[in-house]
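Spelled out from the first residue to the last, the chains are:
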Amino acid sequence: MILNGITKKYNDNSLAVNNLNLEIEKGEFLVLVGPSGCGKTTTLRLIAGLEKISEGTLVFNDQIINELSPGERKIGMVFQSYALYPHKNVYENLAFGLRKAKVPKDNMNEMIQHTAKMLGLDGLLKRKPKHLSGGQRQRVALARAIVKRPDIFLFDEPLSNLDASLRVSTRKEISKLHQQLQSTMVYVTHDQVEAMTLGTRIAVMNKGKLEQIDTPANIYKNPKNTFVASFIGTPPMNLLHGNVGIKDKVPFVTLSKRCWNIPKDKAEKLSEYDGQVVIVGIRPEDLFLTTKGNEHLTGIIETLEYLGSETVIFCKTDVGDVLIRLEGYNHLKIGDTVQIGLTLEKLHFFDSVKEENIFN
Ligand SMILES: Nc1ncnc2c1ncn2[C@@H]1O[C@H](COP(=O)(O)OP(=O)(O)OP(=O)(O)O)[C@@H](O)[C@H]1O
């Protein structure tokens, strides 16, 4: 499916989606992420045909499908609210769309039984939604989308009403379904873990526009700009202002009172920033505690969050607040002064005006 300059203006003329260009590959699991209101749900609704496209073309199998009704698009949608028919039992909920599509009765029965089995619902077909748990209801919603064998699945935060452990198990189920069905899936979420684990690619949106689209690993390793850098990753990347200088033809960065030479692979490009301010990005796991004299920064601990396998430390430094992620437990406490080291080869550099990654 290709989104060619897709724009959506609502009646008040606000641009919910602004010239979106996106190619969704057959069989891929594309995750849409971005802050609240950036246009994720609108994008799904435009693909589904539930909203009219204001400008641009939506192309599927070499045909422009802007004017096709939702029913003509062979798309299955799963929402955050399960949207099941409360008075129909599970079987009837699954049968509804098939009846509408005039699927013969024998085929329909076989399709329902097969899908119910796939999702572990075969013992629950006679139950009404109110007699199901939240997780079971969401599985019915998934089954209802799957049973029609759509070409594309659209998911709008399907797990956000589930508790933490059900989210994990249902997430695995969706991943398994994707492998089994090999269908194209487009999935909206606020959850970083879902985005990183489910997506073959992640599309990061901001204010109706696409900021970056790439594999989860590439987005994490090479964010295109400071927006993506701070949006992907929890806790987020630290972004600090540093100064670039050159001494004896070797460029260096000054942060706080310390300066150090720029790693060789980045030296040439950063020389162009001689005398300028750059934004230095560093992920919390690429900072470490060190001894006095070997530090790049000195900080005072403001908060400590012990999470079992790791501890996240919030420090105040003279170049701003810094987050550090340390493995396991340690004996630090609030108010301690710590010497902080940076893994220099893991630094990211952004232009301080355009906020774009200097190396992308
Ligand atoms: N029916 C509507 N009429 C007018 N404006 C709308 C309508 N639906 C959405 N919007 C606006 O369009 C923009 C994008 O909304 P959308 O729901 O697509 O964002 P989202 O990224 O899915 O947000 P969230 O993560 O909060 O669900 C928002 O500014 C929203 O207020």
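Residues numbered from 1 in each chain as written. Predicted model: local features only at pLDDT ≥ 70, side-chain atom pairs only at ≥ 80, totals over all residues.

So, about the nonpolar core. Core analysis: the largest hydrophobic core is formed by 84 residues, its most contacted members being Val 31, Ala 143, Leu 154, Val 186, Val 204 and Val 280. The two domains that each donate at least three residues to this core are domain 1 (2-231) and domain 2 (238-351). Here Val 204 is in contact with Val 33, Gly 34, Glu 211, Gln 212, Ile 219, Val 228, Phe 231 and Ile 232, once residues within four sequence places are set aside. (Core = buried A, V, L, I, M, F, W, Y, C linked by C-beta atoms within 7 Å. Buried ≥ 20, exposed ≤ 12 C-beta atoms within 10 Å, placed from the backbone. Domains from an automatic or database assignment. Contact = placed C-beta atoms within 7 Å.)

Further remarks concern the sheet that holds strand 9 (residues 201-206). If you trace the six strands from one edge of the open sheet to the other, you get 6-7-8-3-9-10, paired in mixed fashion. In this open sheet, the two strands that pair with only one neighbour each are strand 6 (75-78) and strand 10 (209-214). The mean angle between the axes of side-by-side strands here comes to 20°, regardless of whether they run parallel or antiparallel. Bridging between strand 9 and strand 10 involves five bridges; their strand directions are antiparallel. Of the residues in strand 10, the one forming a bridge with Ala 203 is Ile 213. (Pairing = 2+ DSSP bridges. Helix = DSSP H or I, 4+ residues; strand = E, 2+ residues; numbered from the N terminus. Axes fitted to C-alpha atoms, helices over the stretch in contact; angles between N-to-C directions.)

This paragraph deals with the domain arrangement of the chain. Domain assignment breaks the chain into domain 1 (2-231) and domain 2 (238-351). Taking only C-alpha atoms into account, the centre of domain 1 sits 39 Å from that of domain 2. Every contact between the two is made by five residues of domain 1 and, on the other side, five residues of domain 2. Of the residues in the side of domain 1 that touches domain 2, the class split is two nonpolar, three polar and no charged. (Nonpolar A, V, L, I, M, F, W, Y, C, P; charged D, E, K, R; others polar.)

A separate point is the sheet that holds strand 13 (residues 258-261). Judged by pairing direction, the sheet is antiparallel, and its five strands sit side by side in the order 13-12-11-14-20 without closing on themselves. Unpaired on one side and paired on the other, strand 13 and strand 20 (348-351) mark the two borders of the sheet. For this sheet, the mean angle separating the axes of adjacent strands, direction not counted, is 40°. When strand 11 (residues 238-247) meets strand 12 (residues 250-255), the two strands line up antiparallel, connected through five bridges.

To continue, consider unusual backbone geometry. Following Thr 234, the chain continues into Pro 235 via a peptide bond in cis, with omega recorded as -10°. Relative to the helices and strands, Pro 235 resides in the loop between helix 8 (226-231) and strand 11. Positive phi, normally seen in glycine, also occurs at Asn 61, with a value near 50°. Considering the arrangement of structural elements, one finds Asn 61 in the loop between strand 4 (55-60) and strand 5 (63-64). A residue is classified by how many C-beta atoms lie within 10 Å of it, and Asn 61, with 9 of them, is exposed. Here Glu 355, not a glycine, exhibits a phi torsion of approximately 60°, which is positive. Within the secondary structure, Glu 355 sits in the segment after strand 20. The exposure class of Glu 355 is partly exposed, given the 14 C-beta atoms found within 10 Å.

Close contacts around the ligand come from Tyr 10, Asp 12, Ser 14, Ala 16, Gly 34, Ser 36, Gly 37, Cys 38, Gly 39, Lys 40, Thr 41 and Thr 42, and that covers them all. Residues that form the shell around the ligand fall into these classes: three nonpolar, seven polar and two charged. (Near = placed C-beta within 6 Å.)

For the rest of this paragraph, the subject is the confidence of the model for the chain. Of the residues in the chain, 100% have a pLDDT of 70 or more, and the chain-wide mean is 92. Reported confidence for the predicted complex is 0.97 by ipTM and 0.91 by pTM. (pLDDT = per-residue confidence, 0-100.)

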